[in-house]
Amino acid sequence: MAWLDSLSELKEELAGVRAERLSQTSVDEAEIQEERDELSRLAESLAVSDLLAEMNATLLDGQGSVEKIVSWESDEEVDGDQDADPEEENADVIALILTWEERGERELAIDLGVTDDGIYVQVNGIEVRAEREALEPALLQAFREELEL
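Since the structure is predicted, the reported quantities are computational estimates derived from the model, not experimental observations.

**Q** Teacher, can you tell me more about the overall build of the protein chain here?
**A** The number of helices and strands found in the protein chain is four helices and five strands. Going residue by residue from the N terminus, the α and β elements of the protein chain occur as α-α-β-α-β-β-β-β-α. Per-residue burial over the protein chain gives 30% buried out of 149 residues. Total accessible area on the protein chain stands at roughly 10,400 Å², and carbon and sulfur atoms take up 45% of it.

Have a look at this one:
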């Protein structure tokens, strides 16, 4: 009987631990969803797609293409880097990329993501403030650098 009593006690202990883990998983998933929603709202409020589309139309006569990659909606890697940090591979990122051909393939990439420090915005790997007033000149500078102007 001692054996069955031990099993019963362990079963009760397991039930408690499993309930805690399930609850924590729900909390974690809610936090992840909130971060994703916040990234999506930021991308929309900055009108990132519109900025790249305007650059494409005005500077490239529509010859480029704009691609939007939302990491949690796609199994594709955002940056294609095979040596990426494993934590970065699981990070939520919205990447908007303007590509065009001009003496080789050119690329202008805006990444919006979340780290332990909060949300970040990068233009071609350089962090900028999450404000349109900071994003616009950063895009112009990145375009100039891409073409070595």
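**Q** I tried to follow the pattern of salt bridges on my own but got confused; where do I start?
**A** As a working rule, side chains carrying opposite charge can pair if their charged atoms are close by. Tallied over the entire structure, the rule returns four salt bridges. In this structure, Arg-41 engages Glu-34 in a salt bridge whose closest nitrogen and oxygen atoms are separated by 3.1 Å. Owing to a relative accessible area of 46%, Arg-41 belongs among the partly exposed residues under this scheme. Judged by its relative accessible area of 40%, Glu-34 is partly exposed. Here Glu-136 makes a salt bridge to Arg-132, at a shortest N to O gap of 2.7 Å. Remark: Arg-132 and Glu-136 occur in helix 4 (residues 132–146); sequence separation between them is four residues, near one turn of the helix. Take Glu-136: its relative accessible area is 34%, and that puts it in the partly exposed class.

**Q** Would you mind showing me how to read the packing of aromatic side chains here?
**A** The relation between two aromatic rings is expressed through the spacing of the ring centres and the mutual angle of the planes. Taken as a whole, this structure holds one aromatic pair when the rule is applied. For the pair Trp-100 and Phe-143, a centre-to-centre distance of 5.1 Å together with 20° between the ring planes defines the contact as stacked. In this pair, Trp-100 is assigned in strand 2 (residues 93–101) and Phe-143 in helix 4, connecting sequence segments 43 residues apart. Across this residue pair, the class does not change: Trp-100 and Phe-143 are buried.

**Q** Any chance you could explain the packing of helix 2 (residues 48–59) against helix 4 here in plain terms?
**A** The geometry of helix 2 relative to helix 4 is characterised by a closest axis approach of 12 Å and an angle of 35° between their N-to-C directions. Relative to helix 4, the crossing made by helix 2 is right-handed. On helix 4, the residues touching Val-48, Leu-51, Leu-52, Glu-54, Met-55 and Leu-59 of helix 2 are Arg-132, Leu-135, Glu-136, Leu-139 and Phe-143. For the contact of helix 2 with helix 4, the residue count by class is eight nonpolar, no polar and three charged.

**Q** Looking at this structure, how should I read the pairing of strand 2?
**A** Regular strands place their side chains on alternate faces of the sheet. By the criterion of burial, strand 2 is predominantly enclosed, with eight of the nine residues buried. Sheet topology note: the strand 1 (residues 65–70)/strand 2 ladder contains six bridges and is antiparallel. Bridge pairing in strand 2 links Ile-69 to Ala-95. Across nine bridges, strand 2 lies against strand 3 (residues 105–115) in antiparallel orientation. In the sheet register, Ile-97 faces strand 3, and the bridge partner there is Ala-109. Remark: three residues form the turn of the hairpin made by strand 2 and strand 3, two consecutive strands paired antiparallel; Arg-103 in that turn has positive phi of roughly 55°.

**Q** How should I be thinking about helix 2 in this particular structure?
**A** Quick reminder: α-helices carry 3.6 residues per turn. Residues three or four places apart thus point the same way. Here helix 2 is 12 residues long and its end C-alpha atoms lie 16 Å apart, about the 16 Å a rise of 1.5 Å per residue gives. When we look at burial in helix 2, the residues that qualify are Val-48, Leu-51, Leu-52, Met-55 and Asn-56. Along the axis of helix 2, the buried positions cluster into a sector of 135°, meaning they face one direction only. Elements in contact with the buried residues of helix 2: helix 1 (2–46), strand 1, strand 2, strand 3 and helix 4.

Parameters at a glance
- Per-chain numbering applies: the sequence of each chain, read as written, is numbered from 1 onward.
- Only residues with pLDDT of at least 70 are given local features in this predicted model, and only at 80 or more are side-chain atom pairs given and counted; all residues enter the totals for whole chains, interfaces and linings.
- Excluded from the side-chain calculations are hydrogens and water; all other atoms, namely the structure's heavy atoms, are used.
- What counts as a helix is a DSSP run of H or I of at least four residues, what counts as a strand is a run of E of at least two, and both are numbered from the N terminus.
- Burial classes follow relative accessibility: with a 1.4 Å probe on protein chains only, a residue under 20% of its type's maximum area counts as buried, one over 50% as exposed, and anything between as partly exposed.
- Computed by Shrake-Rupley with a 1.4 Å probe, the accessible areas treat only the displayed protein chains as cover when residues are assessed.
- One speaks of a salt bridge when a side-chain nitrogen belonging to Lys or Arg is within 4 Å of a carboxyl oxygen belonging to Asp or Glu.
- Stacked, edge-to-face and tilted are the three classes for Phe, Tyr and Trp ring pairs, Trp counted by its six-membered ring, which pair at centre distances within 6.5 Å; planes under 30 degrees apart are stacked, over 60 edge-to-face, the rest tilted.
- Orientation is described by axes fitted as lines to C-alpha atoms, over the contacting stretch for helices, and by angles from 0 to 180 degrees between their N-to-C directions.
- Whether a crossing is left-handed or right-handed is set by the direction in which the near helix is turned from the far one by less than a right angle, anticlockwise for left-handed and clockwise for right-handed.
- Here, residues are in contact when the closest pair of their heavy atoms is within 4.5 Å.
- Nonpolar residues are Ala, Val, Leu, Ile, Met, Phe, Trp, Tyr, Cys and Pro. Charged residues are Asp, Glu, Lys and Arg, and all others, Gly as well, are polar.
- Here, any two strands with at least 2 DSSP bridges between them count as paired.
- Multiplying 1.5 Å by the residue count of a helix minus one yields the expected span of that helix.
- Note that the arc is computed from the directions linking the helix axis to the C-beta atoms.

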